[in-house]
Amino acid sequence: MNNISFLPAGDAALTVEFSREISEETNSKIRFLCSAPELTRLKGIITCVPTFRSLTVYYDPMQISGKRLIKKINKIMDGYSPSQDSEKRVFHIPVCYDEEFAPDMSDVCSHTGLDRQAVISLHSGTEYLIYMLGFLPGFPYLGGMDKRLETPRLKTPRTVIPAGAVGIGGAQTGIYPLASPGGWRLIGRTPIKPYDPKRKDAILYRAGDYIKFEPIGSKEFYEISSLAECGNYKITVTEGKK
């Protein structure tokens, strides 16, 4: 029996809530359902939108009823097994933590009581699960940041944050793939492009992948940036078992 809650969202959408807590297991179930052919190819299904704890399914009520959709989802989830989600792709993202790219590093150090090198070591020492993408194309919502790095967002957000900026916002860390406003504390920048509409796959990674930040110096940052601008930089991706 699946411990799932179904919440109608109007007459043409259904939110499937798997848990009240954020966890890798919950994320695995969301991705399993979101990619299940039995759902995505079902007549009347328009699109699926994943979040940390749930999946909202948009459908055409003239082609499928909410009641039938719930029955179908329960049947699909009866076939879920954690062992089906055993593969792991890790994207190794180069990040320069030098002062010119880290305007809020001193604030993070002050708040956490850690020195700069400790912040870098902790931040780059984790493989972060991408729970979902949102806010901007290619903005990864990452899980697994060391609690010692938790730092509140800026009281007044910046109106412009450069593309590639890496920041900390509360208990989360992430990459700004495009220049945009934002309130996270910036501690570094990557020279690669998480989002590039000129690529075949415009977004570099997807939900369920992992990100590992790799510290680099400013010289290497500019070298990689030049290669990435021309589409000649190949990011390192490792695959294996969880």
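Rules behind the numbers
- Within each chain, residue numbers correspond to sequence positions counted from 1 in written order.
- In keeping with the predicted nature of the model, local features appear solely for residues at pLDDT of at least 70, side-chain atom pairs appear and are counted solely at 80 or more, and the whole-chain, interface and lining totals rest on all residues.
- Based on all heavy atoms of the structure, the side-chain values leave hydrogens and waters out of the count.
- For every element, the axis is a line fit to its C-alpha atoms; helices are fit only across the contacting stretch, and the angle between N-to-C directions ranges from 0 to 180 degrees.
- For helices the rule is a DSSP run of H or I covering at least 4 residues; for strands it is a run of E covering at least 2, with both sets numbered from the N terminus onward.
- Here is the rule for angles: anything less than 35 degrees is roughly parallel, anything more than 145 is roughly antiparallel, 65 through 115 is roughly perpendicular, and the remaining ranges are oblique.
- Should the near helix be turned counterclockwise from the far one by less than a right angle, the crossing is left-handed, whereas a clockwise turn marks it as right-handed.
- We call two residues in contact when some of their heavy atoms are within 4.5 Å.
- Amino acids are sorted into nonpolar (Ala, Val, Leu, Ile, Met, Phe, Trp, Tyr, Cys and Pro), charged (Asp, Glu, Lys and Arg) and polar (every other residue, Gly among them).
- Only protein chains enter the area calculation, which uses a 1.4 Å probe; residues under 20% of their type maximum are buried, those over 50% are exposed, and those in between are partly exposed.
- Each nonpolar core is a collection of buried residues, namely Ala, Val, Leu, Ile, Met, Phe, Trp, Tyr and Cys, held together in the definition by side-chain atoms within 4.5 Å.
- In short, DSSP must find at least two bridges between two strands for them to pair.

A. Expanded view of the packing of helix H1 (residues 24–35) against helix H3 (residues 66–77). Taken N-terminus to C-terminus, the directions of H1 and H3 make an angle of 120°; their axes are 10 Å apart at the nearest point. Taken together, the axes of H1 and H3 lie oblique to each other. Helix-helix and strand crossings are classified by hand; for H1 and H3 the assignment is right-handed. Seen from H1, the contacting residues are Lys29, Phe32 and Leu33; seen from H3, they are Ile73, Ile76 and Met77. Here the contact of H1 with H3 is built from residues that sort into five nonpolar, no polar and one charged.

B. Region of interest: the side chain of Thr26. Within the fold, Thr26 resides in helix H1. Residue classification places Thr26 among the buried positions, given a relative accessible area of 6%.

C. Looking closely at the nonpolar core. One finds Ile93, Tyr97, Met105, Ile175, Ile211 and Phe213 to be the most contacted residues of the largest nonpolar core, which totals 30 residues. For this core, the secondary-structure elements that each account for two or more residues are strand S5 (87–96), helix H4 (105–112), helix H5 (116–123), strand S6 (127–133), strand S9 (165–169), strand S13 (210–216) and helix H6 (218–229). Counting residues per element, this core draws most heavily on S5, at four residues. The residues contacting Tyr97, other than those within four sequence positions of it, are Ala102, Met105, Arg116, Ile120, His123, Ser124, Ile187, Gly188, Phe213, Pro215 and Ile216. With 21 residues, the next largest nonpolar core counts Leu14, Phe18, Ile45 and Ile64 among its residues.

D. Spatial organisation of the side chain of Glu17. Along the chain, Glu17 falls in strand S2 (residues 13–17). In contact with Glu17, not counting residues within four places along its chain, are Ile4, Ser5, Leu7, Arg53 and Ser54.

E. Structural detail: the sheet that holds S2. On the basis of which strands lie adjacent, the open sheet formed by four strands has the order S1-S2-S4-S3 and antiparallel pairing. Strands with a single pairing partner mark the edges of an open sheet, and in this sheet they are strand S1 (5–8) and strand S3 (45–50). Neighbouring strand axes in the sheet, compared pairwise and without regard to direction, differ in orientation by 20° on average. Where S1 lies against S2, four bridges are found, and the strand directions are antiparallel. Looking at the pairing, Pro8 lines up with Leu14 of S2. Taken strand by strand, H1 contacts S2, S3 and strand S4 (54–59), and its axis lies near 20° from that of S4.

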